[in-house]
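One letter stands for each residue in the lines below.
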Amino acid sequence: HVFCHSRKDGEDGYAYLVINNSTTDNTTVELPKPAQLYLLDGNGNMRSPVMYLNGKALELGENNTLPELCGKEVPAGTIELAPGACAFIVI
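**Q** Can you break down the nonpolar core residue by residue, with the values?
**A** Ranked by size, the top nonpolar core spans 13 residues in total, and within it Val29, Leu31, Leu37, Ile79, Leu81 and Ile89 carry the most contacts. At the level of elements, strand 3 (27-31), strand 4 (35-41), strand 8 (77-81) and strand 9 (86-90) are the ones that each hand at least two residues to this core. Looking at this core element by element, the count peaks at three residues for strand 4. When residues no more than four places from it in sequence are discounted, the contact partners of Val29 are Val18, Gly77, Thr78, Ile79, Leu81 and Ile89.

Encoded structure:
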């Protein structure tokens, strides 16, 4: 599944949500130009009790503060989403 919306920050471009619904196969996404990637997955474990953002565990901090949600700059080209993963891609 792929969803697209205009960017919230008012900049030119779009924000995409790509969801890999497969439980067994990777999904390939072709990026036409560099982008900010926010990849959410279980770090290889479909039943992981912890979600990861770009490979970093999302865990509450002191006093239950939310972690910083940082995107990752990726070049134009191909990215793969593992089974059950989803990605927000800002181009």
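**Q** Any chance you could break down the side chain of Asp41 for me, citing the residues and the numbers?
**A** Residue placement: Asp41 occurs in strand 4. One buried charged residue, Asp41, remains without a salt bridge, the closest side chain of opposite sign being Lys72 at 9.9 Å. One polar contact links the side chain of Asp41 to the main-chain amide nitrogen of Asn43, over a distance of 3.1 Å. If near-sequence neighbours (up to four positions away) are discounted, Asp41 is found in contact with Val50, Met51, Tyr52 and Ala85.

**Q** Any details on the pattern of salt bridges? Residues and values, ideally.
**A** Opposite charge on two side chains allows them to pair when their charged atoms are near. All chains considered together, the criterion is met by one salt bridge. Where Asp9 meets Arg7, a salt bridge forms, and the shortest distance between an N and an O atom there is 2.7 Å.

**Q** Outline the environment of Pro67, supporting the account with residue identities and numerical values.
**A** By the secondary structure assignment, Pro67 is in the loop between strand 6 (56-57) and strand 7 (72-74). On the basis of relative accessible area, Pro67 is assigned to the partly exposed category, the value being 27%. Contacts of Pro67, omitting those with residues within four sequence positions, involve Leu58 and Glu59.

**Q** Can you break down the environment of Ala57 residue by residue, with the values?
**A** Mapped onto the elements, Ala57 comes out in strand 6. With relative accessibility at 25%, the residue Ala57 sits in the partly exposed group. For the pair Ala57 and Asn43, spaced 14 residues apart in sequence, the C-alpha to C-alpha distance is 8.7 Å. If near-sequence neighbours (up to four positions away) are discounted, Ala57 is found in contact with Val50, Met51 and Tyr52.

**Q** If you had to explain unusual backbone geometry to someone new, which residues and values would you point to?
**A** Located in the positive-phi region is Asn43, a residue other than glycine, with phi close to 55°. If you trace the backbone, Asn43 turns up in the loop between strand 4 and strand 5 (52-53). Located in the positive-phi region is Asn54, a residue other than glycine, with phi close to 50°. Take Asn54: it is sitting in the loop between strand 5 and strand 6. Residue Asn54 is classed as partly exposed on the basis of its relative accessible area of 23%.

**Q** Break down the state of the cysteines for me, citing the residues and quoting the values.
**A** Any covalent bond linking the sulfur atoms of two cysteines counts as a disulfide. Within the structure shown, the criterion is met by zero disulfides. Counting only cysteine sulfurs, Cys86 is the nearest neighbor of Cys4, a cysteine outside any disulfide, at a range of 16 Å. Not part of a disulfide, Cys70 finds its nearest cysteine sulfur in Cys86, a span of 17 Å.

Cut-offs and rules
Residues numbered from 1 in each chain as written. Predicted model: local features only at pLDDT ≥ 70, side-chain atom pairs only at ≥ 80, totals over all residues. Heavy atoms only, no water. Core = buried A, V, L, I, M, F, W, Y, C linked by side-chain atoms within 4.5 Å. Buried < 20%, exposed > 50% of the residue type's maximum accessible area, 1.4 Å probe, protein only. Helix = DSSP H or I, 4+ residues; strand = E, 2+ residues; numbered from the N terminus. Contact = heavy atoms within 4.5 Å. Lys, Arg positive; Asp, Glu negative; His and termini not counted. Salt bridge = Lys/Arg side-chain N within 4 Å of Asp/Glu carboxyl O. Polar contact = N/O pair within 3.5 Å; in protein donor to acceptor, adjacent residues only side chain to side chain. Disulfide = S-S within 2.5 Å.

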